[in-house]
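# Working through the structure, step by step
Here are the chains, one letter per residue:
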Amino acid sequence: MSGTVDAVTLIDRIERTTGVPGLAGLLADLAPADLRSLLLDVTRQQAAKLTPAQVLAQYKRDRFTGVATVDPGVHADYDLFAFRTLRERGYTPVELSPVSPLGTVSVLTGMDQNRVIATARGTEVTADSTNALALESAVRRSGREPVRLCASHRLVRAQPFPEGWSSHFRLLALTVAGRDEGSFRFETDSLRAQLGAMVALTEHLADVQVLVTVLDESRRDAVAERVIGPLGDEFPQVKVGFDDERQQGRGYYADACFEVKAGDVSLADGGFTTWTQQLLGNAKERLLTGGLGVDLMHARFGPRRADLYP
């Protein structure tokens, strides 16, 4: 909230300095192509005033520009394992663009636009690869055949983070898009498949827990019978159960959501969303999303050793 207040105060000052009341609104009402041309010229003029020393100084201080702390070789090895594992489970890996259409996050999720980095060309730096996979799923959806996609992508988020956290991090995202099959069948089938994939991706970790929160209590018995029970039988070494106390994600997810933990560390999160319903204008569309924080996983537990887990 304070960030929004600060931004309003800053805009008020700029409008007083320029002598143009309502400047932000006037610019927002420009045709997108005209606004892009204006912003491109502004950034060109600003860049022309910079020296190499100033560019280096920003690189050193800007929280968005520093390098990641995880060895890229660790990511590369894990991605090879992950994509092989996910292909075997019916997922198609895709390499996402570094940018998404302007409004990808805020329009689909209702989150504040200031949480992402917008560009001068009517796009935004990808802040959540599940949103981008929702767009790609909407493009590929046809008929009743589900679309399973996955992507390993470095994301950048603009909201303030606690000390020691990075504004950019790698996420392994999984989505399953399909059509309502009645009796909550698509939802339970896709949830069981996605959670099974998450367990397979974290097989090298100890004390893995899969926790499901049912947001519509009328669906609890179906989830227990078709998801919790079968997963527990398939992965007896993993604790699988309900989390009825979870509050995070209510209002963001629909029907059900999940969390995957190793010990007390939360590594993966996901749930059903209405994004493909919104994109395709069809209330029968369904979408399950999920993301595994691989930077955090590698930092806390070290790299997955292929000699122990081929």
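Up top is the structure these notes are about.
### Focus: the nonpolar core
Counting residues in each nonpolar core, the largest one holds 42 residues, and the members touching the most others are Y78, L172, L174, L201 and L292. One finds V94, A134, L149 and W275 within the second-largest nonpolar core, a separate group that totals 16 residues.

### As for the packing of helix α5 (residues 72-88) against helix α11 (residues 294-301)
Remark: α5 packs on α11, axes separated minimally by 11 Å, with the N-to-C direction vectors making an angle of 115°. Classified by the angle their axes make, α5 and α11 are roughly perpendicular. In this structure, α5 meets α11 at a crossing whose hand is right-handed. Residues V74, H75 and Y78 of α5 pack against V294, D295, M297 and H298 of α11. Partitioning the contact of α5 with α11 into residue classes produces 4 nonpolar, 2 polar and 1 charged.

### A short note on the packing of α5 against helix α8 (residues 185-201)
Close contact between α5 and α8 brings their axes to 10 Å; oriented N to C, the two are set at 145°. As for how α5 packs across α8, the hand of that crossing is right-handed. Residue-level contacts link Y78, F81, A82, T85 and L86 of α5 to A197, A200 and L201 of α8. Its residues assigned to classes, the contact of α5 with α8 shows 7 nonpolar, 1 polar and no charged.

### Notes on the environment of D77
Looking at where D77 falls in the secondary structure, it is placed in helix α5. We classify D77 as exposed; its relative accessible area is 55%.

### With respect to unusual backbone geometry
For S183, which is not glycine, the phi dihedral falls at a positive 60°. Within the secondary structure, S183 sits in the loop between β5 (168-179) and α8. In this model, F184 sits at a positive phi of 60°, which is unusual for a non-glycine residue. With respect to the helices, strands and loops of the structure, F184 is situated in the loop between β5 and α8. Residue classification places F184 among the buried positions, given a relative accessible area of 5%.

### Description of the packing of aromatic side chains
As enumerated under the stated definition, the model contains 3 aromatic pairs in all. Ring centres of Y252 and W275 lie 6.0 Å apart, and the angle between their planes is 85°; this geometry places the pair in the edge-to-face category. With Y252 in the loop between β7 (239-242) and β8 (254-262) and W275 in helix α10 (residues 275-280), this residue pair connects regions lying 23 residues apart in the sequence. Assessed through its relative accessible area of 27%, Y252 is described here as partly exposed. Feature note: the residues Y252, Y253 and W275 constitute an aromatic cluster, connected by ring pairs. Just above the ring of F242 sits the side chain of R220; from NZ or CZ to the centre is 4.1 Å. It is R304 that lies over the ring of F81; its NZ or CZ is 3.6 Å from the centre.

Parameters and conventions
Residues numbered from 1 in each chain as written. Predicted model: local features only at pLDDT ≥ 70, side-chain atom pairs only at ≥ 80, totals over all residues. Heavy atoms only, no water. Core = buried A, V, L, I, M, F, W, Y, C linked by side-chain atoms within 4.5 Å. Buried < 20%, exposed > 50% of the residue type's maximum accessible area, 1.4 Å probe, protein only. Axes fitted to C-alpha atoms, helices over the stretch in contact; angles between N-to-C directions. Helix = DSSP H or I, 4+ residues; strand = E, 2+ residues; numbered from the N terminus. Parallel < 35°, antiparallel > 145°, perpendicular 65-115°, else oblique. Left-handed = near helix turned anticlockwise from the far one by under 90°. Contact = heavy atoms within 4.5 Å. Nonpolar A, V, L, I, M, F, W, Y, C, P; charged D, E, K, R; others polar. Phe/Tyr/Trp six-rings, centres within 6.5 Å; stacked < 30°, edge-to-face > 60°. Lys NZ or Arg CZ within 6 Å of the ring centre and 35° of its normal.

The values are spatial; any link to function lies outside them.
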